[in-house]
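# Examination of the molecular architecture
As a plain string of letters, each chain reads:
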Amino acid sequence: MSKEREGSSLGIKTVVVPAAGMGTRFLPATKTVPKELLPVVDTPGIELIAEEAASVGATRLAVITAPKKQEVMRHFDEFPELVETLSARGKDEQVAKVVRASQLIHPVSIEQKKPLGLGQAVGLAEGVLDEDEDFFAVMLPDDIVLPATAMEKMANVRAECGGSVLCAFEVPREQTYNYGVFDVEDSENPDVKKVVGMVEKPDPEDAPSNLVATGRYLLDRKIFDALRRIKPGKGGELQLTDAIELLIQEGEPVHVVVHEGKRHDLGNPGGYIPANVDFGLRDPKYGPALYQSIKKILSEYEAEQGIQQ
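A quick note: this is a predicted structure, and the numbers were derived from the prediction, not measured.

### Describing empty space enclosed by the protein
Applying the stated criterion to the full structure yields 1 cavity of 30 Å³ or more. By volume, the largest cavity is sized at about 50 Å³. Looking at the largest cavity, the residues that line it are K35, E36, L38, G45, P141, D142, L266 and Y272. Residues of the lining of the largest cavity, tallied by class, amount to 4 nonpolar, 1 polar and 3 charged.

As C-alpha cells, then:
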C-alpha cells in the first residue's frame with residue numbers, strides 16, 4: 001500500500017491522530033517509550049492506526065505530538081542501515097516489517113505544547129488540511145475497532161446525510177459513566193442514528209441511551225469554528241464533545257454509525273493485555289502455541305484460586 005496513491009472514492013484525505021498524552025497509566029514503561037509505540041504482538045498501535053487510515057484511502061496522517069515525543073514520528077522513517085543489514089542476512093520478512101510503516105501513508109507532525117484537551121488537539125490540525133477538504137477523520141490511537149470497516153460506513157453516511165458522523169458502540173447501561181453518551185433519534189437505517197445531544201460520563205440512571213462514543217470521528221470542517229467558540233472546561237481543556245454539541249444545537253447534522261464488532265482499548269493495561277491476547281491468538285505464527293499456553297495458565301490459575309468449572 002503506497003502513501004503516494006490517490007485518495008479513495010470515500011473522499012477522506014487526512015486522518016488526525018492525537019498522540020500527545022503522557023501515557024501515565026502505563027508507567028513506568030512510558031518513561032522512555034511512548035504509549036503509541038507499545039506493540040500489539042509485534043506492531044505498534046500507531047502503525048495499526050496508520051494501516052486503518054490507509055485502508056480508507058487517506059494519504060495524510062496528521063499526528064498531534066508533544067514537544068519531547070517525536071519517537072512516534074520516527075517510527076515512520078525508512079531505517080536504511082537496518083534494512084541493509086537485514087537484507088544482507090537474507091531476512092526478507094523482517095525487512096518488510098521495517099519498511100511497512102514508511103510506505104503506508106505520509107505522516108505530518110503537529111506539536112501540541114500543552115495537553116489542553118482533545119478539542120484543542122483536533123483544532124491544531126486545521127492548518128494541514130487542503131483548502132478543498134470539507135471534512136476529515138479523527139482516529140484515537142487508544143481505540144482499535146474491529147473489523148476496521150467503521151470509517152468506510154461513516155463516510156457513506158456522510159455522503160448521504162452531510163455533516164459529521166461518529167462511531168458508537170452499545171455498552172451495558174451501568175457502564176455509561178465511563179463514556180460520552182449519545183442522545184439519539186432513529187433513522188430509516190437501524191445502524192444509523194441522528195444525534196440530538198451528547199452527555200459526557202453521565203450517571204447510568206441519567207444516560208440518554210447506552211450508545212457511547214469510541215475513537216472514530218468524521219468531522220465537518222465547521223468543527224474548527226465551533227472549537228474556537230466553546231469555552232474551556234476543567235483544567236483549561238477544550239472538549240471535542242462540547243464543540244460537537246454546539247454544532248448540534250445550531251442545526252448541523254450529526255449522526256452515529258452503530259458499529260457491530262469489537263473494540264480494544266489500548267489506553268490502559270486492562271485493555272491492552274486482552275488486545276494482545278486477541279491479536280496473538282489470531283496470528284498464524286504465534287497463535288497455536290499461545291492458545292496452548294493460555295489454556296495451561298488458566299488451568300493453573302483456576303486450581304490456585306479454587307475456581308470450579
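### So, the packing of aromatic side chains
Tallied over the entire structure, the rule returns 2 aromatic pairs. Aromatic side chains F26 and Y272 sit 5.4 Å apart centroid to centroid with 85° between the ring planes, which places their arrangement in the edge-to-face category. Of the two residues, F26 is situated in the loop between β1 (14-18) and β2 (39-40) and Y272 in helix α9 (residues 269-281); the sequence distance between them amounts to 246 residues. Grouping residues by exposure puts F26 and Y272 together as buried.

### Thoughts on the domain arrangement of the protein
When its domains are assigned, the protein resolves into domain 1 (14-267) and domain 2 (272-302). Centre-to-centre, using C-alpha coordinates, domain 1 lies 28 Å away from domain 2. Taken residue by residue, the interface counts 12 residues in domain 1 and 10 residues in domain 2. Of the roughly 950 Å² buried between domain 1 and domain 2, counting both surfaces, carbon and sulfur atoms make up 63%. Looking at the side of domain 1 facing domain 2, the largest losses of area belong to V40, V41 and H264, adding up to 45% of the total buried there. Note that D278 and K262 form a salt bridge whose closest N and O atoms lie 2.6 Å from each other. Those elements that place two or more of their residues in the side of domain 1 that touches domain 2 are β2, β7 (143-146) and β13 (262-265).

### Thoughts on the nonpolar core
If you look at soluble globular proteins, the nonpolar side chains tend to sit buried side by side. I12, V15, L61, M151, M154 and L218 are the most contacted members of the largest nonpolar core, which has 49 residues in total. Here L218 is in contact with I12, F135, F136, A137, M151, M154, A155, R158, S164 and V165, once residues within four sequence places are set aside. V122, L247, V256 and V258 belong to the second-largest nonpolar core, a separate cluster that totals 36 residues.

### A word on the pattern of salt bridges
Scanning the model with the defined rule gives 20 salt bridges in all. If you follow the salt bridges from partner to partner, you end up with K13, R60, D130, D132 and E133 in one network.

### Thoughts on helix α1 (residues 45-55)
The buried fraction of α1 amounts to 9 of the 11 residues, a majority that puts the element mostly inside the structure. Those residues of α1 that fall on the buried side of the exposure criterion are G45, I46, E47, L48, I49, A50, E52, A53 and A54. Following α1 by one or two positions, G57 has its phi on the positive side, about 90°.

### Re the environment of V15
Along the chain, V15 turns up in strand β1. Classification of V15 by relative accessible area gives buried; the value is 0%. The spacing of V15 and E160 is 145 residues in sequence and 20 Å in space, taken between C-alpha atoms. In this view, V15 contacts A53, A58, R60, L61, A62, A137 and M139; residues no more than four positions away in its chain are not counted.

### Overview of the confidence of the model for the protein
Here the protein shows a mean pLDDT of 92. Residues at 70 or above account for 97%. Below a pLDDT of 50 lies the segment residues 1-7, which in the model reaches 21 contacts outside its immediate sequence neighbourhood of four places, other chains included.

### Here we look at helix α6 (residues 150-161)
Between its terminal C-alpha atoms α6 stretches 16 Å, which fits the 16 Å expected from 12 residues at 1.5 Å a residue. All of the buried residues in α6 are A150, M151, M154, A155, V157 and R158. Seen from one end, α6 has its buried residues packed into an arc of 160°, which puts them on one side. With respect to the buried face of α6, the exposed residues turned more than 90 degrees away are A159 and E160. Buried positions along α6 lie against β6 (135-139), β7, β8 (164-170), β10 (192-200), β11 (211-220) and β12 (254-258). Of the residues trailing α6, G162 is marked for its positive phi of about 75°.

### Notes on the pairing of β12
Regular strands place side chains that alternate from one sheet face to the opposite one. Most of β12 is tucked away: 5 of the 5 residues are buried. What you see with β12 is no split at all: V254, V256 and V258 on one side and H255 and V257 on the other are buried throughout. Note that β10 and β12 share 3 bridges and pair antiparallel. The residue bridging K194 from the neighbouring strand is H255, located in β12.

Each value, and the rule that gives it
Residues numbered from 1 in each chain as written. Predicted model: local features only at pLDDT ≥ 70, side-chain atom pairs only at ≥ 80, totals over all residues. Heavy atoms only, no water. 1 Å grid on protein atoms, 1.4 Å probe; cavity = no way out; pocket = protein on both sides within 12 Å on 5 of 7 lines; lining within 4 Å. Points joined across faces, edges and corners; volume = space filled by probe spheres on them. Nonpolar A, V, L, I, M, F, W, Y, C, P; charged D, E, K, R; others polar. Phe/Tyr/Trp six-rings, centres within 6.5 Å; stacked < 30°, edge-to-face > 60°. Helix = DSSP H or I, 4+ residues; strand = E, 2+ residues; numbered from the N terminus. Buried < 20%, exposed > 50% of the residue type's maximum accessible area, 1.4 Å probe, protein only. Domains from an automatic or database assignment. Contact = heavy atoms within 4.5 Å. Buried area = accessible area lost by both parts, 1.4 Å probe. Salt bridge = Lys/Arg side-chain N within 4 Å of Asp/Glu carboxyl O. Core = buried A, V, L, I, M, F, W, Y, C linked by side-chain atoms within 4.5 Å. pLDDT = per-residue confidence, 0-100. Expected span 1.5 Å × (residues − 1). Arc of directions from axis to C-beta. Pairing = 2+ DSSP bridges.

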